[in-house]
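Breakdown of the fold
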Amino acid sequence: MILQALYDLAQRERLMGQDPNYQLKRVPWLVRVGRDGTFLGKMIDCRNRVEIPTRSPRGRPRTVYVAPYRWVPREPERTSGDYAFFLCDTSEYLFGMGKGARSKQKLANRFRLFREKVRACSEATHDEAVGAVLVLLDAVAEGQTSVDLPEDYGPSDLIAFVYSPDDDRLVSDRPAVRQYWANYRLAELESLDPVECLITGRTDRPAPKHMLLKGLPGGTPSGVALVSFNASAFESYGLPGNQNAPISYQASEMCMTALNRLLSSDLPNPRDLDEKLPVRHHKISSDTVVCFWAVADEAQDFCNQFAPILEANPEDVRETYRTIWTGRPPSDPGTSAFYALTLSGTQGRAIVRDWLESTVETVVRHLAAYFRDLQIVRNTPPSKKRSLPPQLPMRTLLRSLAPQGRDSDVPPHLAAQMVNTALAGTRFPMTVLHRALERMRAEIGRDDWNDLELRDARAALIKAVLIRNFQLEVKPQMDTTNKDIGYLLGRLLAVIERAQQLALGDVNATVIDRYFSGASATPGSVFPRLLKNMRHHISKARDGNYGGTAVWLDRQADEIASQIDAFPAFLPLPQQGLFILGYHHQRHALWQKKQDNPSNQ
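For the structure given in this document, a descriptive report is provided here. Note that the structure is predicted; figures quoted are calculated from it, not measured. (Residues numbered from 1 in each chain as written. Predicted model: local features only at pLDDT ≥ 70, side-chain atom pairs only at ≥ 80, totals over all residues. Heavy atoms only, no water.)

1. Focus: the packing of aromatic side chains
We apply this condition: Pairs were defined over the aromatic rings of Phe, Tyr and Trp, the Trp ring being its six-membered one, requiring ring centres within 6.5 Å. Orientation was assigned from the angle between planes: stacked under 30 degrees, edge-to-face over 60, tilted for the rest. Per the convention used, a helix needs a DSSP run of H or I reaching at least four residues, while a strand needs a run of E reaching at least two, with both numbered from the N terminus. To sort residues, take the accessible area from a 1.4 Å probe on protein chains only and compare it with the maximum for the residue type: under 20% means buried, over 50% means exposed, and anything in between is partly exposed. Over a ring means this: the NZ of a Lys or the CZ of an Arg is within 6 Å of the ring centre and within 35 degrees of the ring normal.
All told, the structure shown has 21 aromatic pairs when counted by the stated rule. Between the aromatic rings of Phe95 and Phe161, the centroid separation amounts to 6.4 Å while the plane-to-plane angle is 80°, which identifies the pairing as edge-to-face. In this pair, Phe95 sits in the loop between helix H2 (91–94) and helix H3 (104–125) while Phe161 sits in strand S8 (residues 159–163), placing the two residues 66 residues apart along the sequence. With respect to class, Phe95 is no different from Phe161; both count as buried. Consider the rings of Tyr180 and Tyr184, whose centres lie 6.0 Å apart with planes at 35°: the pair is tilted. With Tyr180 and Tyr184 both in helix H5 (residues 175–188), this residue pair falls four residues apart, about one helical turn. Look at Tyr180 and you get buried, because its relative accessible area is 13%. Residue class for Tyr184 comes out partly exposed when judged on its relative accessible area of 25%. Members of the aromatic cluster, connected to one another through ring pairs, are Phe292, Phe302, Phe306, Tyr321 and Phe338. Just above the ring of Tyr22 sits the side chain of Arg178; from NZ or CZ to the centre is 4.0 Å.

2. Some words on the packing of helix H7 (residues 300–310) against helix H9 (residues 360–374)
Worth spelling out the cut-off: Axis definition: a line fit to C-alpha positions, over the contact stretch in the case of helices; interaxial angles, taken between N-to-C directions, run 0 to 180 degrees. With respect to orientation, any angle under 35 degrees is reported as roughly parallel, any angle over 145 as roughly antiparallel, any angle of 65 to 115 as roughly perpendicular, and every other angle as oblique. By convention the crossing between two helices is left-handed if the near helix lies anticlockwise of the far one by an angle smaller than a right angle, and right-handed if it lies clockwise. Any two residues having at least one pair of non-hydrogen atoms within 4.5 Å are treated as being in contact. Each residue is assigned to one class: nonpolar for Ala, Val, Leu, Ile, Met, Phe, Trp, Tyr, Cys and Pro, charged for Asp, Glu, Lys and Arg, and polar for all the others, Gly among them.
Direction vectors running N to C along H7 and H9 enclose 15°, while the axes themselves pass 13 Å from each other. Viewed along their axes, H7 and H9 adopt a mutual orientation that is roughly parallel. As H7 runs across H9, the sense of the crossing is left-handed. Across the interface between the two elements, Phe302, Phe306, Ile309 and Leu310 from H7 touch Val360, Val363, Val364, Leu367 and Phe371 from H9. Of the residues that constitute the contact of H7 with H9, the class distribution is nine nonpolar, no polar and no charged.

Pasting the structure below:
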């Protein structure tokens, strides 16, 4: 079903253009050839100068040169061996010259392969433009003509040919050349037996290889394969290679073109190359991305808002969809089919982490419930440089589960499960609760802005897991009616922490640094000692400048402790989660300004 949905997307957006034998590539340079095969002038620079603003408001814009997209002959991906593209390639193949450290022998072989392809086309079509290009290439090979590369030519820049009488039309665009290339590609498949395509159901020549995916996080820059049978262990019933999952070459190209379109951020609209296709992917960790799309035209507005909704970006989300953050779906989101494909890249291939088939209406409803479960009071104070988003972004939630918030340490399978929870309304993976508790204990002593944000994220995840997985009623803010032992103990620890801070100020090792882990798991062995020390801290604070606050804290501790019959020897997992929430809520209440929290009067 994944490939079928991708095939339909390619048809709907006409990603193959008018000729499936051609594909869009950036071509920065053109070589103009005269009727007699002469090189007219220097290489034509087709790049556009673009000013990219920097993040710093005072920084000067960065100037980059962007090459335009053009339709060029479709070719398989180039691997480690030498393989020349047809009428559009790098300077190493076009003229046997480059700025790298290639040996003369290797450059000469690449130049020969390119000329052989052009010669075969010239002999088959007798096209005057192809013949003129061949004359130029032979002259360069014999040393009769020289071509100088521009100083700013990049080693991977593509170069194409323009025949002088054709103005700006590429030689590869001439009708005779197009027909030749279509026949050439079909001839390469003649040795393959026809198969019944699993996507179209029609009998056709199979795809010998599938296109590689470019731009997949975690994958190699040259691309990774989504479908491949590159070892005998992957084959069955004596079927070689891709015949184990037979897909016609045209269907394969359409599916992989559609997936590459989803992974790209700046692909032009095949119907109008001056217009970009909307972005349809969102990177959720260093090596995992979710691709999404909808079928109906009226659902494209939601797709445009999808990534900003997940990242809680108020600047990019329209007012209609901001209600999702508050737990209320829009009134009429639409019933269009909606798809989401979560992928991770490795050095060898792409890994499908999750696949969702749903409707926009269902996804919006699940997103609203997901954000409703995550609602939590924030202990992270807004700063002059950074304001708090209306909800916690998914990437922040995932980073909170990794050591020191490192994006590269987020497990790909966990990122995919989080996406499924948000879009399909499933339970949170229990790994979320385990990791949140583990990271909270390990990093509770850190108190910088970034760590406070991660602690907010962990508390929000714990709350969501307790609500969705354990059906517990947990409020976003402090709940004085909650009598769960774990919640009360967390509140009590926050009061003890505040009492120590009033009495001693900033110390190297606080009560939280030393006792938080034990208090949250084995409170019976920790809290008697903590309460005894607290009495000393309250007494010292009374003698200082915080007498009124110390008395109030003492009453708070007595009120909470009076609801606890005995300190348990061990807290089960859900109660450990409630402990974190009780501490989080009480800490937020204690550090609020008096006018914002009447209970602190």
